[in-house]
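Chain residues, written in single-letter form:
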Amino acid sequence: MKVTIVGAGNVGATCADVISYRGIASEVVLVDIKEGFAEGKAMDIMQCATTTVFNTQLSGTTGDYSKTAGSDVVVITSGIPRKPGMTREELIGINAGIVKSVADNVLTHSPNAIIVVVSNPMDTMTYLTLKATGLPKHRVIGMGGALDSSRFKYFLSKALDKPANDIQGMVIGGHGDTTMIPLTRLASYNGVPVSNFLSQAELDKVAADTMVGGATLTGLLGTSAWYAPGASVAYLVDSILNDQKRMIPCSVFLEGEYGQEDICMGVPCIIGKNGIEKIVDVQLNDAEKALFAKSADAVRNMNADLKSVL
Ligand SMILES: NC(=O)C1=CN([C@@H]2O[C@H](COP(=O)(O)OP(=O)(O)OC[C@H]3O[C@@H](n4cnc5c(N)ncnc54)[C@H](O)[C@@H]3O)[C@@H](O)[C@H]2O)C=CC1
Ligand SMILES: O=C([O-])CC(=O)C(=O)O
């Protein structure tokens with residue numbers, strides 16, 4: 001199976017690294033516009049083949065999309081990341097043009113590919129990709145919820161002082177500092193509701209820390225995070241290529257689901273070889289429904305800024 005990753009920067013290269021050492025795909029092509037950069041990242045990762053022991057074939061190219069031909073999955077991480085103090089939404093001016101041209105280029109050579117959108121503001125970039133390419137909704141997947149959910153489980157594990165892998169939980173809604181919805185009511189420690197162990201104040205703090213998880217890391221690192229984002233993309237790609245049918249919150253085009261139309265935002269999806277195979281209807285309570293509607297208003301507001309590119 002062949003995966004193309006456009007943008008060989010922090011997130012793209014980390015994703016390529018995880019896909020390779022976990023043997024998720026047989027071939028990975030990295031693409032970047034910076035001369036020699038993707039080639040260099042691919043060579044560096046390939047030189048791990050005998051020490052981390054993998055057989056994935058990685059290559060890099062400076063903008064030659066013919067090398068990406070026949071990809072099963074294309075990941076778009078090209079664009080600029082935010083700096084401390086910025087929101088993801090401020091990136092739209094530069095990233096919209098980049099994402100649109102990249103989506104056109106990859107589809108020319110891989111007309112059957114499933115596209116995973118990572119560049120921010122991710123929900124709006126997913127909507128742009130879907131509208132600009134005309135692809136069916138099951139083939140355009142925005143990655144945000146997998147990452148936000150892994151951060152949610154990290155913060156729950158810290159609060160509970162229990163291993164993160166014993167914790168289940170999901171974040172839905174927009175992938176923004178104020179639009180994420182960590183579903184604390186449904187989170188569990190090995191099936192036992194986390195509310196059995198944590199007070200409402202502790203749960204509220206976990207939710208707040210999760211929502212600003214990306215901003216906190218941006219403040220610490222000077223640019224946005226890449227290890228967990230890259231690994232989260234690889235997790236999603238694994239579920240597609242190996243038809244695992246995992247339930248992962250992803251940004252997907254909604255046509256009435258969760259009471260929303262004509263918008264891409266994060267809801268739980270079954271992810272398999274066809275991309276988004278099902279949107280799972282989790283019964284939200286009234287408070288969660290209100291948060292989802294508010295989140296949708298903010299994402300829709302951002303989508304209105306796409307007028308100049310769509
Ligand atoms: N959805 C999510 O959960 C996450 C999204 N992100 C977003 O992913 C994007 C990438 O982040 P990083 O990898 O940290 O940035 P980075 O700056 O390290 O890498 C971006 C790469 O894209 C390349 N690029 C720019 N225009 C291009 C084009 N037209 N064609 C090919 N390559 C091009 C740049 O040369 C650069 O190497 C940002 O927009 C960031 O906000 C980052 C983390 C998580
Ligand atoms: O915070 C950012 O700008 C990058 C991102 O989406 C994340 O790490 O969640």
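The sections below set out a description of the structure shown in this document. (Residues numbered from 1 in each chain as written. Chains lettered and ligands numbered in written order. Predicted model: local features only at pLDDT ≥ 70, side-chain atom pairs only at ≥ 80, totals over all residues. Heavy atoms only, no water.)

### Some words on the overall build of the protein
In terms of regular secondary structure, the protein is built from ten helices and 14 strands. Against the globule reference of 19 Å for 310 residues, the protein gives a C-alpha radius of gyration of 18 Å, in line with a compact fold. Each of the three principal axes of the protein carries a C-alpha extent, and together these read 55 × 45 × 35 Å. Residue burial in the protein is summarised as follows: out of 310 residues, 52% are buried. (Helix = DSSP H or I, 4+ residues; strand = E, 2+ residues; numbered from the N terminus. Rg over C-alpha atoms; globule rule 2.2 N^0.38 Å. Buried < 20%, exposed > 50% of the residue type's maximum accessible area, 1.4 Å probe, protein only.)

### Let's talk about the packing of helix H6 (residues 145-160) against helix H9 (residues 227-241)
Across the interface, H6 lies against H9 with an axial gap of 8 Å and an inter-helix angle of 120 degrees. Classed by the angle they form, the pair H6 and H9 counts as oblique. Handedness of the H6/H9 crossing: right-handed. Across from Ala146, Leu147, Ser150 and Arg151 in H6, the residues of H9 making contact are Ala228, Pro229, Ser232 and Tyr235. Among the residues forming the contact of H6 with H9, the class breakdown is five nonpolar, two polar and one charged. (Axes fitted to C-alpha atoms, helices over the stretch in contact; angles between N-to-C directions. Parallel < 35°, antiparallel > 145°, perpendicular 65-115°, else oblique. Left-handed = near helix turned anticlockwise from the far one by under 90°. Contact = heavy atoms within 4.5 Å. Nonpolar A, V, L, I, M, F, W, Y, C, P; charged D, E, K, R; others polar.)

### Re the environment of phenylalanine 292
Relative to the helices and strands, phenylalanine 292 is located in helix H10 (residues 286-303). Taking C-alpha positions, phenylalanine 292 is 9.6 Å from glycine 266, a pair spaced 26 residues apart along the chain. Those residues in contact with phenylalanine 292 that sit more than four places away from it in its chain are Ile172, Gly173, Ile181, Leu254, Tyr258, Gln260, Met265, Gly266, Val267 and Leu284.

### Comments concerning the site of ligand 2
Looking at ligand 2, the residues that line it are Arg82, Arg88, Asn120, Leu147, Arg151, His175, Gly214, Thr218 and Ser224. Taking arginine 82, its side chain carries an N or O atom lying 2.6 Å from an oxygen atom of ligand 2. Between an oxygen atom of ligand 2 and a side-chain N or O atom of arginine 88, the distance comes to 2.8 Å. When isolated, ligand 2 has an accessible area of 260 Å², and the protein chains bury 94% of it. Residue assignment for the shell around ligand 2 shows that the elements contributing at least two residues are H6 and helix H8 (213-221). Looking at the shell around ligand 2 residue by residue, the classes come out as one nonpolar, five polar and three charged. Mapped onto the domain boundaries, the shell around ligand 2 takes at least three residues apiece from domain 1 (2-143) and domain 2 (145-304). (Near = heavy atom within 4 Å. Polar contact = N/O pair within 3.5 Å; in protein donor to acceptor, adjacent residues only side chain to side chain. Areas by Shrake-Rupley, 256 points an atom, 1.4 Å probe, with all protein chains shown as cover. Domains from an automatic or database assignment.)

### Observations concerning the pattern of salt bridges
A full pass over the atoms with the stated rule returns 14 salt bridges. Of the charged contacts, one joins arginine 22 and aspartate 238 as a salt bridge, the two residues approaching to 3.4 Å between their closest N and O atoms. With arginine 22 in the loop between helix H1 (10-21) and strand E2 (27-32) and aspartate 238 in helix H9, this residue pair connects regions lying 216 residues apart in the sequence. According to the relative accessible area criterion, arginine 22 is partly exposed, its value standing at 44%. The exposure class of aspartate 238 is buried, given its relative accessible area of 4%. In this structure, lysine 273 and aspartate 243 form a salt bridge, with 3.9 Å as the shortest nitrogen-oxygen distance. Taken together, the residues span a long stretch of sequence, with lysine 273 in the loop between strand E13 (261-272) and strand E14 (275-279) and aspartate 243 in the loop between H9 and strand E12 (246-255) at a distance of 30 residues. When salt bridges with common partners are traced through the structure, they connect Asp243, Lys245, Lys273 and Glu277 into a single cluster. (Salt bridge = Lys/Arg side-chain N within 4 Å of Asp/Glu carboxyl O.)

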